[in-house]
Structures are given as C-alpha cells and as structure tokens.
Amino acid sequence: METQTITEVKEWIKAAAVEDFPENGGAAVLINGEQIAVFNFTNEGRWYATQNQCPHKGEMAISRGLTGDSEGHPKVACPFHKRTFSLEDGKCLTDEQYQLKTYPVKVENGFVFIGIE
Amino acid sequence: MKKRIVLIGNGMTGYKFCEKFVASSLVHEYELLVFGEEPHPAYDRVHLTSYYTGTVPEELLLAPAGWYAEHGIELRTHERITSIDRNSKTIISEKNLSYSYDILILSTGSSAFVPPIEGVEKKGVFVYRTFDDIDKIKAYIPNAKKAAVIGGGLLGLEAAKAVLDDGLPTSIIEFAPRLMPRQLDPQGAEILKSKLEEFNLEVMLNKSTKCIMGNGSVQGLEFNDGSKLDTDLLVISAGIRPRDELAKQAGLEVHPRGGIVVNSKMETADPGIFAIGECVVVHNMVWGLVAPCYEMAEVLVQNLQGDSKEFLGFDLSSKLKLIGTDVASFGDALVEDKNIKTIVYENKARGIYKRLNLTADGKYLLGGILVGEAEEYNMLKQVVNNKMVLPENPEDFILGARGGEGAAGISVGDLPDAASICSCENISKGQIMQAIEQDGAEALPLIKKCTKAGTGCGGCVPMLDDLLTHYMKSQGREVRKTICEHFNYTRQELYDLIKVNEIKTFNDLLATYGKGSGCELCKPLTASLLASIWNDVIVKHDTIQDTNDRFLANIQQRGVYSVVPRIPGGEITPDKLIVIGQVAKKYDLYTKITGGQRIDLFGARVDQLPNIWEELIDAGFESGHAYGKALRTVKSCVGSTWCRFGMDDSVSFAIEVENRYKGLRSPHKLKGGVSGCVRECAEARGKDFGIIATDKGWNLFVCGNGGANPRHADLLASDLDKETCVRYLDRFLMFYIKTAGPLTRTSKWLSELEGGLGYLKDVIVKDSLGIGEKLEQEMKELISHYQCEWTTVVRNEEMRKKFRHFVNSDQIDENIKYVPMRGQKMPAKV
Ligand SMILES: Cc1cc2nc3c(=O)[nH]c(=O)nc-3n(C[C@H](O)[C@H](O)[C@H](O)COP(=O)(O)OP(=O)(O)OC[C@H]3O[C@@H](n4cnc5c(N)ncnc54)[C@H](O)[C@@H]3O)c2cc1C
Ligand code: SF4
Ligand code: SF4
Ligand code: FES
C-alpha cells in the first residue's frame, strides 16, 4: 500500500474565474509569487493543479502541456520533452526521478480556488 | 601466441565470416587480419541501387567501421593483395608489404564480366558492382542524354531501371531471345518485356554487340545484324566473373570458366588455404547470390572449429527488386518434362503471368514463375522447399485467396518449424517464433534485431510480418497501428471517419469514436487531421494542439517563442527587410537566417506574440507556419533571371508553389525546393518535393529528406510543363496527406509504401487508381480555405487573450532571463 500524505489546507486562494481557463486544457496562475498550473477537465467536470515548473529542465511550461488520461488516470505532458506526469499525485510516469507538487482545487461561485498548505 | 587467419576480401561473404568468427571459439585460438581492396568496409552490395538513389554509404555498411577493432579484428581497407607465397605462407599487398598467415581464406568475390567488345575502354562505359562504379555513373549522367544497358538479366534490369529513374531514356540490350533467360520462360519474359516498355524502357532482344562507337567517348553501339543504337552512356551487366587471379597465381586449381575450385568443406588442395563466396566453384558452379555465400562462411567456421559441416547446394529462387514490377522464379522454374503438370495463368491486359510446375500426381510443387504480381512468392517457395503436400486445388495459389493467411489453404502456421524463412541469414521459422513468443519481439524491428532475419536482401520481411500477425491472431490480439489507448483506429481510418461524418472538433470525435480524455498523442493528431481536412483556423482548437501550434510559434529554451514570417521562395524587398529589422529591434529579438531562406526572430514572450505579429502583418507579412506540421518553405535558387546557367525562372515558380500550398497541414512538416538547372543550387532533391528545370520543362522529384536521415528525392516525372507539374504535386501531396501515418515524413512514407516508387508513379502519373481528379479536387478545396492564422488572431480580441502567461495577472514570467552574445541576446541557462 502506498501512503498518501494529506496536507492540511491552510488557506484557499481565489485564482481566477472559471471562464478564464480553457476547456479541457491548462493555464498558469500566479499565487503568492508562485507559478501554479491549473487544469480544467471540462468533460469530466474535474480540476487539478500542480507546480508550473517542469522538474526535468526547469522550464515554466507544465500549464502549456497537453492533458489527457492513461487508463483513466489524469495526466499532463510537458511540451518541452514530453515527460508525462500524473495529475493525481504529481508522479512522473515516464521517468521515476521526477515529481510535481500538486495542490487541491475547488470551484465556488464561478471561481477557482487553490489550496495552500 | 595466437595463430593468425588472414582473410582476403572484405565483401559480403568476408564480413559474414568475421561475424561468425567472433561468435565462435576460433577467437580464442586465432587473430584475424582482413584485407579489402575497396576504400569502404564491407557494405550491402545487394542494395547497391539504394546507394544510387541516395542512401549514404554509412547506412549500407554491414557493420560500422569501428566494429572490427572492437571485436579484435584488424581490418585494412584500400589495400589489395597482389600475390600469395604458399611456401613461406605469406601474402604481399599492393603497398609491397608482406604478411604471414597460418590459415588463408580467399573471399575475393567476383567482378562484372565485360565481354571483349571493341571499344569497351571508351569514356562513358561502366559496370555496376561497387560504390565506386556508381559514383562514376552519377558523375557522368549530366553529360548524357541517352543510356543503354547490355544484359537483360537480374542485375542488368536493376541497373537499367536505376538509370531510367535518374532521368535518362534507357535501352536494354539482350543477346538471348528473351529477358532473364535463366529465370523466365518465353511467355513470362514476354509479359515482363511489355511491362518494362510501359515504363519507357526500350527492350532489344537477339542483339549481339559488335562494337562500341564513338571518338574517345561512347556515342553508340553497332550490332552484328548491322543495326545501330545511339547512346552516350553504357552500363555493361553481362554476368559475373569470379576473382580467381590470386589463386591462379598461387597455383591453386581454378575452373576453366573461372572460379577457385573447392570441395564441399570449402577446402582447396592446399590444407592451409580455403575459399568462400562468389569467387568459388563448388558442386561445379558459381553461386551468385548472397544466401549461399553466407552459408559457405558458416560451413567454413564450423569446419575450422573442428565440427564437420558441408555445403550441400542452395535454393536459388530469386525475386527481382526495384524494377517497378514484381518478378520471381523459384524451385525448378523452367522444367520442360512430359511427366509433370503445369498450371499457367496469364492476363496480358494487366501484365500478369504465373506458372506452377507440379509433379504428375499434382501432390507436390516443383517450382514456378511469377511476373507482375508476386505476393505468393514467399509462400510458394516454402511449399517447394519443405516439400509440403499441396491442397486439393493448387491453382488457388495463383488465382484465389492470397497473402500470408491461407493462400489456397496453406498459411504460415502450417509451415514446419525447420522451414528456413530468411535464407540470407538462414533463420528458421522456429527461431523466429521463439523470438516472438519467448523474447517478446512483437514488432518487426525487434524480430530483426533479435534474430537478424530480414536484414539481408529483405525478401522475407513480408513473411516475418505474416508470422507476427499469425501469432498475434492466435493470441486473440491484433497488430494494427492504432493511435493510442483512446482510439482503436489507425490515422487513415480516423481521416475517413472525420471526413465522412463531418466531424469538426476533438470532443465530437472522442465522444463518437474514442474513450477517456485523450492524450498527447491523439490530440495533436486529431488537430492535424481536422486541419488537413477542413483547413479551419487551428486556434479554435488550441488545447489539443502541440504547444507550437497552440501558440502559433516555436517554443524555445526558457519557454520563449520564435517568430518566422513567410518569405516565399526566399525573395524579399528591401522595405520588408527593414520592417523585420525594426520589429526585431523594438522587441529586442535575436535574429538569424534559417536554412529555409527566411529570417527567424527568437526570444518573444507569449504575451508579445500578437503585438509582434500585428506589426508584421500590417507590413504585408503572413505566418510562415514554422511551428506547424505543414508546408514550411519552398527554397529556390536565383534561376534564369540572373544566373547564367539557368534554364528557367526558378524563383517565380518557387513563389507560386509556396503560395499555393502555404498553410497546408500534413502528417509531418513539408519542404520544397526549385532549382533553375541540374546544378541544383536550391538542394531541391533534399526536400519532400523538388522541381528542377530542364531544357524541355521541369523535372519533379519527390520524397527527399535532409535532417537526420538524408535521402535524395526520386524522379516522379520529367520534362513537365508548369501546369502538369502542379497537378502532379497536388495529387502527390494529397495522397500523402491521406495515407501516411502520424509524424511520417514523405521519405519514410515512400519507403514503407507497398510497391514503392513504381506504385507511386502509377497512382500519381498514370492514375492507376482513378483517383487523380478527386485528389486534385480535394486539394483545390483545401487551398480555397486558406487564411493566415496570425491575421485571424490579431484581428480577434477573444483569440488574442489566449496569449498570456498568467490568467490571473499581467505580470510577465520572471523565469525568463537573458545574457548578451555577439551583440544580441540569448536565453540564460535555467
Ligand atoms: C547490383 C547488384 C544487385 C544484387 N542483388 C542481389 C540480390 O537481390 N540477391 C542476392 O542474393 N544477391 C544479389 N547480388 C549478388 C551479391 O551482391 C553477391 O552474391 C555478394 O556480394 C557476394 O559476396 P562476396 O563477398 O563473395 O563478393 P563481393 O561482395 O564482391 O566482395 C568481394 C570483395 O573482395 C575484394 N577483393 C577482391 N580481390 C581482392 C584482393 N586481391 N585483395 C583485397 N580485396 C579483394 C573486392 O574488392 C570486394 O570488396 C547483387 C549484386 C549486385 C552487384
Ligand atoms: S541551380 Fe542552376 S540556375 Fe539555379 S543558381 Fe544554380 S546554376 Fe544557376
Ligand atoms: S539541429 Fe538540433 S539543436 Fe539544431 S536546431 Fe535542429 S533540433 Fe535544434
Ligand atoms: S523540461 Fe519538461 S520534459 Fe524537459
């Protein structure tokens, strides 16, 4: 069994309005000086968020990656060298040494909020 | 100290010996010293014609130059051995160096046989055997207007087709009353002749050449019957002559008709000297195909190790490659005996002839001939070689069901495990199945890598495919190149589904034919298909595009983008040049001239892109689609307007073609070139399509490539007027767009296209599928929907909004940093 650390959300920060994000795709937001990639899986009605910086070469590009799923698990592919990452836990699916930080997301009153520890 | 084996000849057989040597116990006992007269290490002579059509030598080497040293073999290329001294066990090379041996092996191969015709020494007379021969022919071609090939056998036909495809009208001259007299019967040869004539190869039979005319260089041929033929390039392919001169000099027995005589253990009369390959006579004949030569190498290694093995003869079935039509003969092809039964199928209109020779009781197949259609060749050869009992209606073999599955009830599954599938490498069905089943080699390249099957002449590749398919089916699986886990379709199937059902978005396609959320494979692929079919503005589908297409610019280090305005044909006015300079200066962009004759501006932030483009568009520029799998550039030379050699105005034509296809989305990027004469300054033959002016019009070449896998484009049609040239291009590009796999460049597409260049010519030029007009119509439709994507974006506020780094802030990405370099800027390392 893998253990999952549930981090406690200290604060929900309003990122932007739902319509600011593309459907079935991602965009970057700036929160407390940090770049966060937010993904809108419109068809499934789900949202995910990760750090925007790709751990491979450090490019600020994860939000511009193509989203999709692998056997039902949501993922994103970095546009630079196509490393793919699970959006559930941030693990790199193509190269074990990399890991993305993930953030909880909620939508309320037409706005997207990111949970910060 | 180790004893020493000296091997003379680094050809195909010599290399095979090296390979078997390093895998044997001989390495512990002997060192191996190899001499090759040619400058290159051993290469794949069987595919010499692909060298002719542009494959680089490195790709044809049987092993990279460094392989020999890595395996402890000393290879001395470019050093011919001139004599053998059997008493002192030494050899002497042309450099006057002498080397001693404990064991000497001759694998000197053969040379092209040149009959003693008067005038053979003239300039413009060639043979077709080595890289060097090809270089010489190629260098001479620009001086020639008409070619002839003496010899209508296997090699002569191959050479003739190569020269013809290079753009020269060509005649084949055969002494016998029919082509390929050793493989074909009169009826089959007749059909082949008419096939070749369809390609404009002139075939002259019953001709014996009296002399080669011309003053210093060849100008024509005179035949014994008094007739003459004009030609200024002649290739002689009248058979081979084993290279037995060294053996003869050393006093070893040679055959009266040439060839070093050895017994079935590859031994000469001298216990220290052996000979293998095309230079030997064993069982009273020379074995002029690579498979038996390889077998000899194997026999010798076994014997030297002390195991006993004999060369027992070999199947000489052969299938002709690269001549644009299939020809094969196998087993006993020509038997004329009252006690056998023959089944013949002939269709003159379609140019097909098939003949099967059966035993009188109809139970066994003895051999046969296939002309015009030879899919059944591999299977029939197996049936002969494995003495398999024929099914009830053997004629179904040549009439009915075809292909690996169940030609007349026999399928690859029925072959015994011992059946030799790849005769070049002598790999049995059992070995291949083991690789598939136990080593998981479930794809063609893996099978090749695991077993070496299919790496020789390549003739068994279709059968490897059949074995794999058969295995997969038996496991309830399929081998289809489906896109990914979300779509159980091939690219071509999706193309048709989108078109027929008028699907306009990825979401619709996913909902109707796919599952899940899609991924980084099927999304851009669908984007490309939608663009290829509807030519709709791709920004509407931004989130399914690869990042370059999403932001209509190429992503570079640190996530900045580059901007490439279209400069058709590389022609630009001073005013427009100034605009580019001003824009680059204003936005502080790094500028560089590209290989495609345009100017690349690097270092734009995503939020700057619309502003930069707005300024460029206002000055009359359009998107250059440098970011897309689409038409990039049509490069041109300056052509007849300025160049003193120019035959025609290449710049105007390049501009016309670039403007015609600009924005055209395709399976991969597309590049073109137009040169004003054969000097080819635009390097058009390194492009997906190349157009070269001649004194009679334009030659159209297709499927070339630069980049990592360079390949010269092949001639599709010659001396065309502009209109026809564009029509053929329309057809060609549309056919490619419709049928190629995802991310497949035209050159790779052609190499995988069944029937190859011959088939492509049939479809495009002869319209053999009857789709020419439809393809042209579809292209017209696509072209009519063209719009400059960037113009659409900068004129649309909603679309412009997509170009920003953060959706919740106007701040710029602070991660982007630059350092200066030669008066410009470059991105700083992360
Ligand atoms: C155009 C073409 C197409 C062909 N197509 C097919 C085909 O489809 N199927 C098939 O089975 N076969 C085909 N063949 C035949 C096949 O290439 C030969 O059977 C095979 O190359 C024989 O190998 P080898 O090593 O015995 O001789 P070679 O490949 O001729 O090698 C002999 C080498 O020894 C060198 N040598 C000779 N004398 C000396 C010396 N004194 N010192 C040093 N080096 C020396 C030669 O320079 C040469 O490099 C084709 C041949 C040609 C030319
Ligand atoms: S290809 Fe011919 S016409 Fe064009 S620049 Fe070169 S020499 Fe001149
Ligand atoms: S050759 Fe390599 S480094 Fe140079 S531009 Fe092409 S991909 Fe980039
Ligand atoms: S920077 Fe993301 S995969 Fe290389």
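These numbers were taken from a predicted model, which means no experiment stands behind them.

**Examining the site of ligand 1**
Residue and element names in this part refer to chain B.
- Neighbouring ligand 1 are 32 residues, the closest being Thr-13, Glu-37, Glu-38, Arg-129 and Glu-278.
- Within the backbone of Met-12, one N or O atom sits 3.1 Å away from an oxygen atom of ligand 1.
- Between an oxygen atom of ligand 1 and a side-chain N or O atom of Thr-13, the distance comes to 2.7 Å.
- Taking 990 Å² as the accessible area of ligand 1 by itself, protein coverage stands at 95%.
- If one sorts the elements of the shell around ligand 1 by residue count, helix α1 (residues 12-22) sits on top with three residues.

**Regarding the pairing of strand β30 (residues 590-593) of chain B**
All names here are of chain B.
- Strand direction decides the pairing type here: β30 and strand β31 (residues 599-604), joined by four bridges, are antiparallel. Considered in β31, the bridge of Lys-592 is made with Asp-600.
- Connecting β30 to the antiparallel partner β31 that follows it, the hairpin turn spans five residues, and Gln-597 within it adopts a positive phi of roughly 60°.

**Here we look at the side chain of B:Lys523**
- Residue placement: B:Lys523 occurs in helix α18 (residues 522-534).
- Although B:Lys523 lies buried, it forms no salt bridge, and the closest oppositely charged side chain, A:Glu44, sits 8.0 Å away as judged by the N-O distance.

**Considering the site of ligand 2**
- Around ligand 2 sit B:Cys637, B:Cys643, B:Phe645, B:Gly646, B:Gly676, B:Cys677, B:Arg679, B:Glu680 and B:Cys681, and that is every residue in its neighbourhood.
- Among the residues forming the shell around ligand 2, the class breakdown is five nonpolar, two polar and two charged.

**Focus on the sheet that holds strand β2 (residues 30-35) of chain B**
Residue and element names in this part refer to chain B.
- Taken in spatial order, the five strands line up as β3-β2-β1-β7-β19 in an open sheet, and their pairing is parallel. The open sheet is flanked by β3 (73-76) and β19 (273-275), the only strands paired with a single partner. Ignoring which end each strand starts from, the neighbouring axes of this sheet average 20° apart.
- Two elements, strand β1 (residues 3-8) and strand β7 (residues 103-106), share four bridges in a ladder whose sense is parallel. Looking at β7, one finds that Val-6 is bridged to Leu-104.
- Sitting on the sheet, α1 touches β1, β2, β3 and β7, and the angle it makes with β2 is about 165°.
- Strand contacts of helix α10 (residues 290-304): β1, β7 and β19, with the helix running at about 170° to β7, the strand carrying the most contacts.

**Looking at the sheet that holds strand β8 (residues 102-103) of chain A**
All names here are of chain A.
- Reading across the sheet, the four strands line up as β2-β3-β4-β8 and stay open at both edges, with antiparallel pairing between neighbours. Strands with a single pairing partner mark the edges of an open sheet, and in this sheet they are β2 (25-31) and β8.
- By the bridge criterion, seven bridges tie β2 to strand β3 (residues 34-41) in an arrangement that is antiparallel. Residue Val-29 lies in a different strand from β3, and its bridge partner there is Ile-36.

**Thoughts on the environment of B:Asp607**
All names here are of chain B.
- As for its position among the elements, Asp-607 is in the loop between β31 and α21 (609-618).
- Residues Asp-607 and Val-560 lie 47 residues apart in sequence; the distance between their C-alpha atoms is 9.9 Å.
- Those residues in contact with Asp-607 that lie beyond four places of it in its chain are Phe-803, Arg-804 and Ile-812.
- Reaching out from Asp-607, the side chain makes a polar contact with the side chain of Arg-605 at a distance of 3.0 Å.

**Considerations on α21(B)**
Residues and elements named next belong to chain B.
- Here α21 has its buried residues at Leu-609, Pro-610, Ile-612, Trp-613, Leu-616 and Ile-617. Down the axis of α21, the smallest arc covering the buried residues is 160°, so these residues share one side.
- For α21, the elements touching its buried residues are β29 (561-563), α20 (574-586), β31, α27 (789-794) and α28 (797-800).
- Gly-620 sits one or two positions beyond α21 and adopts a positive phi of about 100°.

**With respect to the interface of chain A and chain B**
- Every contact between the two is made by 40 residues of chain A and, on the other side, 36 residues of chain B.
- Of the roughly 2,700 Å² buried between chain A and chain B on both sides combined, carbon and sulfur atoms contribute 47%.
- The largest contributions to the chain A side of the interface with chain B come from A:Leu30, A:Arg64 and A:Leu66, which together make up 28% of the buried area.
- Where chain A packs against chain B, one counts three salt bridges.
- Among the salt bridges present, the one from B:Asp546 reaches A:Lys82, with a minimum N-O distance of 3.1 Å.

**Concerning the packing of aromatic side chains**
- Overall, the coordinates contain 25 aromatic pairs over all chains when judged by the stated rule.
- With a centroid separation of 6.2 Å and an interplanar angle of 25°, the aromatic rings of B:Phe17 and B:Phe21 are classed as stacked. Note that B:Phe17 and B:Phe21 are positioned in helix α1 at a spacing of four residues, about one turn of the helix.
- On the basis of relative accessible area, B:Phe17 is assigned to the buried category, the value being 0%.
- A residue is classified by how much of its surface remains accessible, and B:Phe21, at 2% relative accessible area, is buried.
- An aromatic cluster is built from B:Phe551, B:Tyr561, B:Trp613, B:Trp790 and B:Phe803, whose rings are joined through pairwise contacts.
- Across from the ring centre of B:Phe551, 5.6 Å away, lies the NZ or CZ of A:Arg64, which sits over that ring.
- The cationic tip of B:Lys504 hangs over the ring face of B:Trp534; the distance from NZ or CZ to the ring centre is 4.6 Å.

Quick notes on the rules
- Residues numbered from 1 in each chain as written.
- Chains lettered and ligands numbered in written order.
- Predicted model: local features only at pLDDT ≥ 70, side-chain atom pairs only at ≥ 80, totals over all residues.
- Heavy atoms only, no water.
- Near = heavy atom within 4 Å.
- Polar contact = N/O pair within 3.5 Å; in protein donor to acceptor, adjacent residues only side chain to side chain.
- Areas by Shrake-Rupley, 256 points an atom, 1.4 Å probe, with all protein chains shown as cover.
- Helix = DSSP H or I, 4+ residues; strand = E, 2+ residues; numbered from the N terminus.
- Pairing = 2+ DSSP bridges.
- Buried < 20%, exposed > 50% of the residue type's maximum accessible area, 1.4 Å probe, protein only.
- Lys, Arg positive; Asp, Glu negative; His and termini not counted.
- Salt bridge = Lys/Arg side-chain N within 4 Å of Asp/Glu carboxyl O.
- Nonpolar A, V, L, I, M, F, W, Y, C, P; charged D, E, K, R; others polar.
- Axes fitted to C-alpha atoms, helices over the stretch in contact; angles between N-to-C directions.
- Contact = heavy atoms within 4.5 Å.
- Arc of directions from axis to C-beta.
- Buried area = accessible area lost by both parts, 1.4 Å probe.
- Phe/Tyr/Trp six-rings, centres within 6.5 Å; stacked < 30°, edge-to-face > 60°.
- Lys NZ or Arg CZ within 6 Å of the ring centre and 35° of its normal.

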